[in-house]
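Results of the structural survey
Each chain is listed here by its residues.
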Amino acid sequence: MIKIDFPPMNFFVQGIEDVTIPKMVRIREKYEDDKIDDIKAHLVGELDGLDIDRAALKGKSIAITVGSRGIPSLPLMIRTICDKLKEWGAEPFIIPAMGSHGGGTVEGNVQILTDYGITEEAMNVPIKASMDVVQIGTIPDGANTPVFCDKYAAEADGIILFNKVKPHTDFKGYVESGICKMIAIGIAKHYGCSWFHRQGFDTFAERIPLVAKEFLSKMNVVMGIGVVQNAYDEISEIKAFPKDRIIEGDHELLEIARRRLPKMKFDNIDVLVIDRIGKNISGEGADPNVTGRGSMPGFEDDFHCKKMFVRGMTEPSHGNACGLCFADVTTRKCLQGVDWESTWINFSTNTMLSAGKIPVYQNSDYEALRLAIRTCTKLTDYSQARIARIRDTLSLSEIEISEALLPDVMNRDDVEILSEPYELEFDKDGNLEDFKC
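Source: prediction; values computed, not measured. (Residues numbered from 1 in each chain as written. Predicted model: local features only at pLDDT ≥ 70, side-chain atom pairs only at ≥ 80, totals over all residues. Heavy atoms only, no water.)

With that settled, consider the packing of aromatic side chains. Within the structure shown, the criterion is met by 9 aromatic pairs. On the basis of an interplanar angle of 50 degrees and a centroid distance of 6.0 Å, the ring pair of Phe6 and Trp340 is categorised as tilted. With Phe6 in the segment before β1 (24–29) and Trp340 in helix α12 (residues 340–349), this pair connects stretches of sequence that are 334 residues apart. Ring-pair connections join several aromatic residues into one group, and the members of that group are Phe6, Trp340, Trp344 and Tyr361. When the ring centre of Phe196 is taken as origin, the NZ or CZ atom of Arg207, which lies over that ring, is 4.0 Å away. (Phe/Tyr/Trp six-rings, centres within 6.5 Å; stacked < 30°, edge-to-face > 60°. Helix = DSSP H or I, 4+ residues; strand = E, 2+ residues; numbered from the N terminus. Lys NZ or Arg CZ within 6 Å of the ring centre and 35° of its normal.)

Put into structure tokens, the structure is as follows:
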């Protein structure tokens, strides 16, 4: 872990003394809220209902993929899968399958799993962690992209591909961030992930299905299991697919996930304040499908803000500052928490070195917010700045908006006004209390 001690920053900004921070109002945005109440029972039903040869699994070693995405009740789901396999007479084990995350090291991979509650003791099965891969095929894509598999998974008698399914943060396609991406990048570990990214994000939509088809044709995959969350960060879908329906099933879940993705009920604002970003929130730290800011084209029309202020990072991100580059301003405290080694390993692997750029920083939240407001063009009355503040891009049910945004939401059936206008409260150091949802 490598951190940098950034110095205090004091530079003169013409007209900053005229900036007033508008009063804010707390609102609740309403989304589809159906969810799975009994996750274990639902998952057991999916596994028991799957059309596979269970007798053939007896005595067989089965690798289960677990990635780096934060998923509610992840330990419960993985333990349920392990217990069901043992009930069928199989010998399951877990492999970390997260590409270059965790610094591209065994220790980093295992630490991420541990932080999610995935340990050998809790799961009652072995965790086999390695960065070694074997090449199991090649796709005819012009670059002859090799297809890789974690060595322990390749040596197993079967593989269960488990992953969260959601819209990707860098491309749009038939399948995006889900079971097929677990094949193309997650289970390919750091080496295969790096090879795949070498061709560029603009090729992902075409190449991920090709890699998935090649992998499925060569490897003994038992099933794929996809999980979708609703806008309230609750599990709304868990689906298990036999090998021959994994790609189609991944697409079906993506369409559901796209519909369930929380989006703000307004647009065209001056400043978006995000309390925290992180790899457990989104591959880009903050989801471009929500913010409109990402590494690749295709997201810029999803949302529009003149300035974006990122206050900090989540604990499970372990200092990986992926996505911080999209902010216009941040704080010294946020930069002090960045693990630059882990962050730059991530960027160099996916070839997006420009993502390593840091935003302008200020010594406190108060200074950073005023700077963001001051630098918004065509804003003549600072008290009328259109500002929204969110905890993160997974938490959009309750947010803060400035008074100037009230006309945009006042008469919507899917928005509830929760408070009267109030002043933001800063502590003696000029910082805000973390957003409470």
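Here the narrative resumes, following the displayed structure.
The backbone of Asp233 shows a phi angle near 65 degrees, a positive value even though the residue is not glycine. When you line up the elements, Asp233 lands in the loop between β7 (221–229) and β8 (235–242). Overall, the relative accessible area of 31% leaves Asp233 in the partly exposed class. With a phi angle near 60 degrees, Lys378 is a residue other than glycine that sits in the positive phi range. Topologically, Lys378 is positioned in the loop between α13 (365–374) and β13 (387–390). (Buried < 20%, exposed > 50% of the residue type's maximum accessible area, 1.4 Å probe, protein only.)

Bringing helix α3 (residues 106–115) into the picture now. The complete set of buried residues in α3 reads Gly108, Asn109, Ile112 and Leu113. Buried residues of α3, viewed axially, fall in a sector of 135 degrees; they line one side. Immediately downstream of α3, the backbone of Gly117 shows phi near 90 degrees, a positive value. (Arc of directions from axis to C-beta.)

With that settled, the discussion passes to the nonpolar core. Grouped together as the largest cluster of nonpolar side chains are 81 residues, with contacts concentrated most on Leu161, Ile187, Phe215, Met264, Phe266, Leu272 and Ile401. Contacts of Phe215, omitting those with residues within four sequence positions, involve Ile136, Val147, Phe148, Cys149, Ile159, Ile183, Ile187 and Val221. (Core = buried A, V, L, I, M, F, W, Y, C linked by side-chain atoms within 4.5 Å. Contact = heavy atoms within 4.5 Å.)

The subject of this paragraph is the sheet that holds strand β6 (residues 158–164). Spatial strand order, β3-β2-β6-β7-β8: 5 strands in an open sheet with mixed pairing. Because the sheet does not close on itself, it has two edges, and the strands there are β3 (91–96) and β8. In this sheet, adjacent strand axes meet at a mean angle of 20 degrees when their direction is disregarded. Sheet analysis places β6 next to β7, joined by 6 bridges and oriented parallel. (Pairing = 2+ DSSP bridges. Axes fitted to C-alpha atoms, helices over the stretch in contact; angles between N-to-C directions.)

Between helix α1 (residues 39–49) and helix α2 (residues 74–87), the least distance of the axes is 10 Å, while the angle of their chain directions is 40 degrees. In terms of orientation, α1 lies oblique with respect to α2. Between α1 and α2 lies a crossing of right-handed hand. Contact residues: α1 offers Ile39, Lys40, Leu43, Val44, Leu47 and Asp48, while α2 offers Leu76, Met77, Thr80, Ile81 and Lys84. Among the residues forming the contact of α1 with α2, the class breakdown is 7 nonpolar, 1 polar and 3 charged. (Parallel < 35°, antiparallel > 145°, perpendicular 65-115°, else oblique. Left-handed = near helix turned anticlockwise from the far one by under 90°. Nonpolar A, V, L, I, M, F, W, Y, C, P; charged D, E, K, R; others polar.)

This part is about the pattern of salt bridges. Considering all chains together, one arrives at 31 salt bridges under this definition. Of the charged contacts, one joins Arg258 and Glu176 as a salt bridge, the two residues approaching to 2.9 Å between their closest N and O atoms. Of this pair, Arg258 sits in helix α9 (residues 246–260) while Glu176 is found in the loop between β6 and α6 (179–186), placing the two residues 82 residues apart along the sequence. A salt bridge links Arg245 to Glu248; the nearest nitrogen and oxygen atoms lie 3.4 Å apart. By sharing partners, the salt bridges in this structure join Asp275, Arg311, Asp365, Arg389, Glu400 and Asp434 into a single network. (Salt bridge = Lys/Arg side-chain N within 4 Å of Asp/Glu carboxyl O.)

This next bit is on the pairing of β3. Of all the 6 residues making up β3, 5 are buried; the element is thus mostly covered by neighbouring parts of the structure. Taken together, strand β2 (residues 61–66), α2 and β3 form a β-α-β motif whose crossover is right-handed. (Right-handed = clockwise from strand over helix to strand, strands pointing away.)

Okay, the environment of Met182 next. Mapped onto the secondary structure, Met182 falls in helix α6. With relative accessibility at 3%, the residue Met182 sits in the buried group. Residues in contact with Met182, not counting those within four places in the same chain, are Thr65, Gly67, Ala97, Leu161, Phe162, Asn163 and Ile187.

A few words on the packing of α6 against helix α7 (residues 189–197). Pairs of packed helices are described in terms of their axes, by the angle between the two and the distance that separates them. For the pair α6 and α7, interaxial distance at closest approach is 8 Å and the crossing angle is 100 degrees. As summarised for this structure, α6 and α7 are arranged roughly perpendicular, according to the angle between their axes. The segment α6 lies against α7, with Ala184, Ile185 and Gly186 engaging Lys189, Cys193, Phe196 and His197.

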